[in-house]
Amino acid sequence: MSGLKVDGVRASIDEKQILEGIDLEVPCGELHVIMGPNGSGKSTLSHVLTGKEGYEVEGSATLDGVELLDKPVDERAKLGLLQAFQYPVEVPGVRLRELLLEVGDEHGLNFEESSDVIEETAEKYGVTQFLDRPVNVGLSGGEKKRSEIFQMAMLRPRVAILDEIDSGLDIDAVREVAAAVEEMRGPDMAVLLITHYSRILKHMMPDRIHVLMAGRIVESGGRELADELEAGGYEVLRERLGIQPRVEEPAEKPVSEFFTDTPFDF
Ligand code: ADP
Ligand code: MG
């Protein structure tokens, strides 16, 4: 299958089981959404797929049929797996345009060709004014996310994982970021969007929605599933499916854990 296929993925950290067996198929051309309460394992799944160290992982995850889980982070990226940061990193001293010219060079484009594609795509994503500024420096939350998605569009991954790209954004920024993701979609890319809230989905056309609770996908469906969660919260789904909350599931994450949500430690 082209795209991402996850098969029986279990993951633990420091003897604590977080993912209890995840099965998921996101074919190229489709946008799938993972929703779930805080602490259900959403970020862990994206970390495990991108190859963050420190997890004990079992199962299989393939990209276009090639196993990812036995490969280091950089090889996974070369195969076409890309994760947008929940908290995009600022890179002082490197201008966005320079970064993208490097990317173009990697893809075998000459300076002229790269410059044209950069200008054209930047215009489409409304980020032209950021091209000659250092990457992400001084941008608002929404602008950073838009810039991230623009960068992704330039990199054209096979599988894009977007973890909580809507967190901390105001309503207008959420709409803009959703539009940027829709803009990025194409027949050659599978997109896995991870979100806590259904509000971003109002502005998107997901093909499938999966609900992750206590380390398992407990329900998959169409937009109606997001509507159910919007109306009644995760509690209603828990009751309908007879799921007990995990005792250790925190209601809210401690502030100190927010900074564990990037695939690399700085
Ligand atoms: P989500 O992204 O759905 O909010 P996470 O994947 O971040 O959830 O976390 C799932 C569970 O794993 C939580 O109970 C969290 O406290 C725990 N967890 C995450 N990272 C670590 C870690 N480095 N060490 C111990 N427990 C962790
Ligand atoms: Mg998370």
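This structure is a prediction, so every number in the text was calculated from the model and none was measured. (Residues numbered from 1 in each chain as written. Chains lettered and ligands numbered in written order. Predicted model: local features only at pLDDT ≥ 70, side-chain atom pairs only at ≥ 80, totals over all residues. Heavy atoms only, no water.)

A. The overall build of the protein chain, seen in detail. In terms of helices and strands, the protein chain carries eight helices and twelve strands. The C-alpha radius of gyration computed for the protein chain amounts to 18 Å, which stays within 12% of the reference 18 Å derived for 266 residues, consistent with globular compactness. For the C-alpha atoms alone, the extent of the protein chain along its principal axes is close to 60 × 40 × 35 Å. Counting every position in the protein chain, which comprises 266 residues, the buried fraction comes to 48%. Contacts spanning at least 24 positions in sequence make up 69% of the contacts within the protein chain whose residues lie at least 6 apart. Charged side chains of the protein chain number 28 positive and 52 negative; the gap between the two group centres comes to 3 Å. (Helix = DSSP H or I, 4+ residues; strand = E, 2+ residues; numbered from the N terminus. Rg over C-alpha atoms; globule rule 2.2 N^0.38 Å. Buried < 20%, exposed > 50% of the residue type's maximum accessible area, 1.4 Å probe, protein only. Contact = heavy atoms within 4.5 Å. Lys, Arg positive; Asp, Glu negative; His and termini not counted. Charge placed at Lys NZ, Arg CZ, Asp CG, Glu CD.)

B. Looking closely at helix α5 (residues 141–155). Counted at 1.5 Å a residue, the expected span for α5 with its 15 residues is 21 Å, and the 21 Å between its end C-alpha atoms agrees. Of all 15 residues making up α5, twelve are buried, and the element is well covered by its neighbours. Inspection of α5 places Gly142, Lys144, Lys145, Arg146, Ser147, Glu148, Ile149, Phe150, Gln151, Met152, Ala153 and Met154 among the buried residues, and these make up the whole buried set. Packing partners of the buried residues in α5 comprise β6 (81–84), α3 (96–106), α4 (111–125), β8 (134–135), β9 (159–163) and α6 (171–184). Positioned one or two residues after α5, Arg156 has a phi angle of 45°, which is positive. (Expected span 1.5 Å × (residues − 1).)

C. How the structure looks around the side chain of Gln151. Structurally, the position occupied by Gln151 is in helix α5. Overall, the relative accessible area of 11% leaves Gln151 in the buried class. If we skip the residues at most four places from it in the chain, Gln151 touches Leu96, Leu99, Leu100, Val135 and Asn136.

D. Highlighting the sheet that holds strand β4 (residues 56–63). As summarised here, the arrangement of the four strands in space is β2-β1-β4-β5, forming an open sheet in which the pairing is antiparallel. Each edge of the sheet is formed by a strand with only one pairing partner; in this case those strands are β2 (16–27) and β5 (66–67). When strand β1 (residues 3–13) meets β4, the two strands line up antiparallel, connected through seven bridges. If you follow Val6 over to β4, its bridge partner there is Ala61. Sheet strands touched by helix α1 (residues 42–50): β1, β2 and β4. Its angle to β1, the strand with the most contacts, is close to 110°. (Pairing = 2+ DSSP bridges. Axes fitted to C-alpha atoms, helices over the stretch in contact; angles between N-to-C directions.)

E. Highlighting α3. Every buried residue of α3 is listed here: Leu96, Leu100, Leu101, Val103 and Gly104. Relative to the axis of α3, the buried residues are bounded by an arc of 155° and lie together on one face. For α3, exposure combined with an orientation more than 90 degrees from the buried face picks out Glu102, Asp105 and Glu106. Check the buried side of α3 and you find it contacts β7 (91–95), α4, β8 and α5. Of the residues one or two after α3, Gly108 is the one with positive phi, at around 80°. (Arc of directions from axis to C-beta.)

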